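Reading the structure
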Amino acid sequence: MFDWNRSCSYDEQQKRRFHTTARSRLKKLAAELALPQGSFDLRSNKACIAVSGEITLHHDRAYIQVGQFGLSSGHGILIRTCKGRNDYTGGANHFVALGMLDDIPALAAAVRAITGVGRDASRSFERRAA
């Protein structure tokens, strides 16, 4: 299992693994949400040596970004609504733990609950709330 909390700062190999693994998990998330090809972008910004950078899945109605920006809080996945792929500010910010990248169905449920995006969004949220 990948250690999401191991810092990428000044560690090029860890940063490369972080980006590669996060991109792979976000692709699985897109599949779990049944997002049609072409309805989202998957981007990676490695940024400077002192930070992790971020990996972003930007759908027409959801913006999901992974980074080590919340290591002290245990959070590192930003989820928010957006109005198209040119909307970089979107709705309210919601954060979940980086470890959710190891449980794609749970992460997909969080994305559905926050954004309403994905397969059976309303029914899935109702089942989890019960």
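Per chain, the residues get numbers from 1 upward, laid out in the order the sequence is written. Given that the model is predicted, a residue must reach a pLDDT of at least 70 before its local features are reported, and side-chain atom pairs must reach 80 or more before they are shown or counted; all residues, however, enter totals for whole chains, interfaces and linings. Excluded from the side-chain calculations are hydrogens and water; all other atoms, namely the structure's heavy atoms, are used.

1. So, the overall build of the protein chain
The condition is simple: For the purposes of this entry, the term helix denotes a DSSP run of H or I that reaches at least four residues, the term strand denotes a run of E that reaches at least two, and both are numbered from the N terminus. Exposure is judged per residue with a 1.4 Å probe applied to protein chains only, and the accessible area is read against the type maximum: over 50% gives exposed, under 20% gives buried, and values in between give partly exposed. Any two residues having at least one pair of non-hydrogen atoms within 4.5 Å are treated as being in contact. Per-residue and other accessible areas were derived by the Shrake-Rupley procedure at a 1.4 Å probe size, with only the shown protein chains allowed to occlude residues.
A count of helices and strands for the protein chain gives three helices and five strands. Seen in sequence order, the protein chain has helices and strands lined up from the N terminus as α-β-β-β-β-β-α-α. Burial statistics for the protein chain: of 130 residues in total, 43% are counted as buried. When contacts within the protein chain are restricted to residue pairs at least 6 apart in sequence, those whose partners lie at least 24 apart make up 47%. Element-wise, carbon and sulfur atoms account for 50% of the exposed surface of the protein chain, whose accessible area totals about 6,800 Å².

2. Quick notes on unusual backbone geometry
The residue tyrosine 10 is not glycine, and still its phi comes out positive at about 60 degrees. Topologically, tyrosine 10 is positioned in the segment before α1 (12-32). The class of tyrosine 10 is exposed, set by a relative accessible area of 62%. One non-glycine residue, alanine 47, adopts positive backbone phi at about 55 degrees.

3. So, the packing of aromatic side chains
Our working rule: A pair of Phe, Tyr and Trp rings is counted when the ring centres sit within 6.5 Å of each other, with Trp represented by its six-membered ring. The angle between the planes then sorts it: under 30 degrees is stacked, over 60 is edge-to-face, the rest tilted. Two conditions define a charge located above a ring, namely a distance within 6 Å from the ring centre to NZ of Lys or CZ of Arg, and an angle within 35 degrees of the ring normal.
Counted by the stated rule, this structure contains four aromatic pairs. Between the aromatic rings of phenylalanine 2 and phenylalanine 18, the centroid separation amounts to 6.4 Å while the plane-to-plane angle is 50 degrees, which identifies the pairing as tilted. With phenylalanine 2 in the segment before α1 and phenylalanine 18 in helix α1, this pair connects stretches of sequence that are 16 residues apart. For arginine 80, the ring lying beneath its charged end belongs to tyrosine 63, and the centroid distance is 4.4 Å.

4. Concerning the pairing of strand β4 (residues 75-81)
Heads up, the rule is: DSSP-based pairing: two strands are paired if at least 2 bridges between them are found.
Counting buried positions over the seven residues of β4 gives five, a clear majority of the element. Note: β4 against strand β5 (residues 94-97), four bridges, orientation antiparallel. Looking at β5, one finds that histidine 75 is bridged to alanine 97.

5. Details of the nonpolar core
We apply this condition: Side-chain atoms within 4.5 Å are what join buried Ala, Val, Leu, Ile, Met, Phe, Trp, Tyr and Cys residues into a set we call a nonpolar core.
The biggest cluster of nonpolar side chains holds 28 residues, and the ones touching the most others in it are Leu29, Ile64, Ile77 and Leu107. Secondary-structure elements contributing two or more residues to this core are α1, β1 (40-45), β2 (54-59), β3 (62-70), β4 and α2 (104-115). In contact with leucine 29, other than residues within four places in its own chain, are Ile64, Ile104, Leu107, Ala108 and Val111.

6. Focus: the pattern of salt bridges
This is how the line gets drawn: Should a side-chain nitrogen of Lys or Arg be within 4 Å of a carboxyl oxygen of Asp or Glu, the pair is scored as a salt bridge.
Enumeration according to the criterion identifies five salt bridges in this entry. Between aspartate 102 and arginine 25 there is a salt bridge; the shortest N-O distance is 2.6 Å. Here aspartate 102, found in the loop between β5 and α2, pairs with arginine 25, found in helix α1; they are 77 residues apart in sequence, far enough to count as distant. According to the relative accessible area criterion, aspartate 102 is partly exposed, its value standing at 30%. For the salt bridge of aspartate 41 with arginine 43, the shortest nitrogen-to-oxygen distance reads 3.9 Å. Relative accessible area serves as the criterion here: at 29%, arginine 43 is assigned to the partly exposed category. Several salt bridges share partner residues, and in doing so they unite Asp41, Arg43, Asp60 and Arg85 into one network.

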